[in-house]
Amino acid sequence: MEKRFGVTVAFLFFTLLGYSQSTATLSGLVRNGDDKNAIAFANIILRSANDSVFVSGTVTGEDGRFSLSGIVPGSYLLYISHTGFSQKTQKLLVGRLNSFFDLGSIDLKPETGELNEVVVTAHQDGISNKMDKKSFNVSSNISQTGGSVLQVLKNLPGITTSQDGKVELRGSDKVAILIDGKQTAITGFGSQTGLDNLPASAIERIEIINNPSSKYDANGQAGIINIIYKKNQQNGFNGKIGLNLGLGAIWEKKGNLPDVRPQYRRTPKINPSVSLNFRKKKINSFLQADWLYTETLNKNEFVSRYYDDGRIVKQQLKRNRNTHFVTTKAGVDYNINEKNLFTISVLYGIEKIIDRGDQPFYSDNVSKADRIWQFLEDELKTTAVASAGFQHKFKQPGHLLNLGFNYTFHREDEKYNFINILPAYTGLDSFKLLSDEHVADFNLDYSRPLKKGRIEGGIKFRWRNIPTNMQFKPGLNSPLDTGAGGAATYSEVIPAAYGNYIYEDEKFEAEIGLRIEYVDLNYKVNPDHNTYKSDGYSYTRPFPSARIAYKINEKSRLSLFYNRRVDRPNEVDIRIFPKYDDAEIVKVGNPALRPQFTNSYELGFRTSLGKGYFYTALYHRNTEGTIIRIATQAPPSTIIYTVFQNAGKSSNTGLEAVLQHDVSKTFSYNGALNLYKTIISAFEVENKYPVPSLYSAEKDKLTSANIKINALFRMAGQTELQLTAIYQAPDIIPQGRVGTRFSIDGGLKKIIQKRKGEMFLNATDIFNTLRIKKETYGNGFRLLSTDYYETQVFRIGYNYKF
């Protein structure tokens, strides 16, 4: 089967994902060369240097200032003239680094002056010429239209996804997820959450930032993924409505073991959405609302545990999930005047999850269960985010001051009810978890363009507080550890400051920055907890970033990157309460967990190929205090406890390559390869829960890869067909390996109603081949598992814009 699909991959091609060309704004001041007074109403003409074709023009204002916008990268001649003064001509190189450029003061004299050369630049999106960012329009991903953000991300270059809802960027899940440039509780502060329930219909585009500058928060070893919500700026009333319907788990991958209630089949998906915008004079108001209902076979994992003393335990964990997720974002932009803008917005989300689970346990022979663990989880997550921003534009275009305040409230209300069935008795157990997260962020950002670049700087302050409380209600002969409950409070204060300097001339670009962060974290634990005590840490650290680029010619350039980043443990990583959705492979946090620090290096090359481009990068990351989850056993019990630990040093070295080509008007393709080697140095740690247990590991290393191939066919009648294939080679995981993963997706989209409407039909994992196979080794046990969770979904939908 895998060989057949492997051959299929060779005949598919990767789609042309959204690639856009940004433009620049040029500005300057025209003066009298003798008395230095401003010259009003001087003529400004911009022509192409190659053929003298007119590009743009304007006249100076009464203050002598001018600006030209919408200028694409290239070589130009700027003509400045006024009655009574000699015309002046300046050579201009519009590069690809900045969006606003100050040409400074331009003096006109009665006599002829020498020609001066001025170099200016422009910013580029898509896989940018800076090569620090890739930008993709969600609407271009036909095969994932109507799905979740997580499903869209899995098709993007350099990204892989895991079954537990996390994305991995170049082999690492230490990725900072932003919404409109800000961290929120919906996608997680520090760690990732909720991506599989965030509807893609609400999203305009996704940015992948492998090498963030010091302007960004320092967390996220592998980089940043920025999710941009839809927001229109057109005059009048306009918007978009849509309805997506889907059906998952059409065919059964793996049937249940005895004593397990039926698994979900033919699971429905419903996603209506609306995007509205009204702009008139100084006011622009916007609304984006989505409702996503899904039924999902969230987990269907078959596990065999082999212990050194000869015992064997076999089990199945089946989890049927119902999810309601409502998100609404609304706001107003108020243009006070031409120089000042005030924005307020509110993001509100409710996520309701109902899980019904079965987990039978067998002693090798699976004909009769030794124990059956059934559970009902009722979880409600409520998120509210209020944001206010102010922007002041100075006279010089691109000279900006931004102020922002962001407050987030996130409540996690979780109830579990268990039925513990054994031959001699049946026990009824339950617990309730309540967590309220409060986060306040204040930021100030300043940017000023220069003749050959810009300077920028700013400060940020974060306050975060998360009180949690776990209450156990044990039943007959309860397996719950009631001594591990109670209250705990996570508190965090982070002030930070940064500065960047960006420079560009005809051959070189440079961007050098420094961010300094102070962190004070405290975790107060219930004094009656049976294992853990209060803990915390603080530090003041610099986080430098640098990029140096050499322009080989107009089509090709080399870039060298360096940055230092940190991954701080999130509250759920240090949470002291055991989690029993798997009764015998129990997850627990670790209050003694410390941050991991990473140095990243990259050498990138990009060249235009006429009807496409080629991009490749060599990268290396080395990490100290690597955070991984370690599984240990406490004999004579066969229960396994997995706890986050700092496992010492690790490294990740790889090659990424992306090739895009428009073969014709009807066919384009894009292919992406990520080949990397992961090394985890030898280490020894102690899991303290439920009793001290040592684990030591020798040096481990593995070379892995992922390949994404996709084709876009443009057919008659404004119809497009997209096919996608994704292959992931075996990879290293803590204490083991994860096996090969492979899937094929496809989608069809047709534009109708004079380009105002569109219909689509798509499918993910068409052949139902995607499954997660793992092999884990611990102190006294070996664990083999395969998860046949739901990955196959067929969708149909309609969108209309007005």
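The structure displayed is predicted, hence computed values, not measured ones.

Asker: Kindly report on the confidence of the model for the protein, identifying the contributing residues and their values.
Answerer: Here the protein averages 88 in pLDDT, while 93% of its residues score no lower than 70. Across the protein, strand β44 (residues 781–787) holds the top mean pLDDT of 97, while strand β8 (residues 117–120) sits lowest at 33. Counting contacts from residues 1–21, a segment whose pLDDT is below 50, to residues more than four positions away or on other chains yields 64 contacts. Confidence drops under pLDDT 50 across residues 112–126; counting only partners more than four residues distant or on other chains, this segment forms 69 contacts.

Asker: Account for the sheet that holds strand β28 (residues 585–588), naming residues and giving values.
Answerer: Read across the open sheet, the 3 strands follow the order β28-β32-β31; overall the sheet is mixed. Edge positions in the sheet fall to β28 and β31 (627–633), since each has one partner strand and no second. Taking each pair of neighbouring strands and ignoring which way they run, the sheet shows an average axis angle of 30°. The pairing of β31 with strand β32 (residues 640–646) spans 7 bridges and is antiparallel. Residue Q633 lies in a different strand from β32, and its bridge partner there is I640.

Asker: Please give an account of the pairing of strand β43 (residues 772–778) that cites residues and values.
Answerer: Sheet topology places strand β40 (residues 736–738) next to β43; 3 bridges connect them, and they run antiparallel. Paired with V738 across the strands is K774, a residue of β43. Relative to β44, β43 runs antiparallel, the two being bridged by 7 bridges. Looking at the pairing, G778 lines up with F781 of β44.

Asker: Explain the pairing of strand β36 (residues 693–697) to me, and be specific about the residues and the numbers.
Answerer: Within a regular beta strand, the side chains point alternately toward one face of the sheet and then the other, so they alternate between its two faces. Along β36, the buried face is formed by S693, Y695 and A697; none of L694 and S696, which line the opposite face, is buried. With 5 bridges joining them, strand β35 (residues 683–687) and β36 adopt antiparallel strand pairing. If you follow V685 over to β36, its bridge partner there is Y695. Between β35 and β36, which pair antiparallel one after the other, the connecting turn spans 5 residues.

Asker: Provide a residue-level description of unusual backbone geometry, including the pertinent values.
Answerer: With the exception of glycine, the majority of residues adopt a negative phi angle, and the majority of peptide bonds are in the trans configuration. Between P635 and the following residue, P636, the backbone shows a cis peptide bond with an omega angle of 5°. In this structure, P636 sits in the loop between β31 and β32. Note that the residue after Y689, namely P690, is joined by a cis bond; omega there is -5°. With a phi close to 50°, A249 is a non-glycine residue in the positive phi region. As for its position among the elements, A249 is in the loop between β15 (236–248) and β16 (267–280). Not every positive phi belongs to a glycine, and Q735 is a case in point at roughly 65°. Looking at where Q735 falls in the secondary structure, it is placed in the loop between β39 (731–733) and β40.

Asker: Can you break down the sheet that holds strand β4 (residues 65–71) residue by residue, with the values?
Answerer: Each strand in a sheet pairs with another by means of backbone hydrogen bonds, the pair being arranged parallel or else antiparallel. If you trace the 3 strands from one edge of the open sheet to the other, you get β4-β1-β7, paired in mixed fashion. Both edges of this open sheet fall to β4 and β7 (100–108), since each of them pairs with a single strand only. Strand-to-strand twist of the sheet, defined as the mean angle between neighbouring strand axes without regard to direction, takes the value 20°. Examined bridge by bridge, strand β1 (residues 24–32) and β4 share 5 bridges and lie antiparallel to one another. Bridge assignment links G28 to a residue of β4, and that residue is F66.

Asker: I'd like to hear about the packing of aromatic side chains, residue by residue, with values.
Answerer: How two aromatic rings sit relative to each other is given by the distance of their centres and the angle of their planes. Under the defined criterion, the tally for this structure stands at 22 aromatic pairs. Ring geometry for F237 and F802: centres 5.7 Å apart, planes at 40°, overall tilted. Of the two residues, F237 is situated in strand β15 and F802 in the segment after β45 (793–801); the sequence distance between them amounts to 565 residues. Within the aromatic cluster, the residues linked to one another by ring pairs are W373, F375, Y416, F418, F431, F472 and Y580.

Procedures and definitions
- Residues numbered from 1 in each chain as written.
- Predicted model: local features only at pLDDT ≥ 70, side-chain atom pairs only at ≥ 80, totals over all residues.
- Heavy atoms only, no water.
- pLDDT = per-residue confidence, 0-100.
- Helix = DSSP H or I, 4+ residues; strand = E, 2+ residues; numbered from the N terminus.
- Contact = heavy atoms within 4.5 Å.
- Pairing = 2+ DSSP bridges.
- Axes fitted to C-alpha atoms, helices over the stretch in contact; angles between N-to-C directions.
- Buried < 20%, exposed > 50% of the residue type's maximum accessible area, 1.4 Å probe, protein only.
- Phe/Tyr/Trp six-rings, centres within 6.5 Å; stacked < 30°, edge-to-face > 60°.

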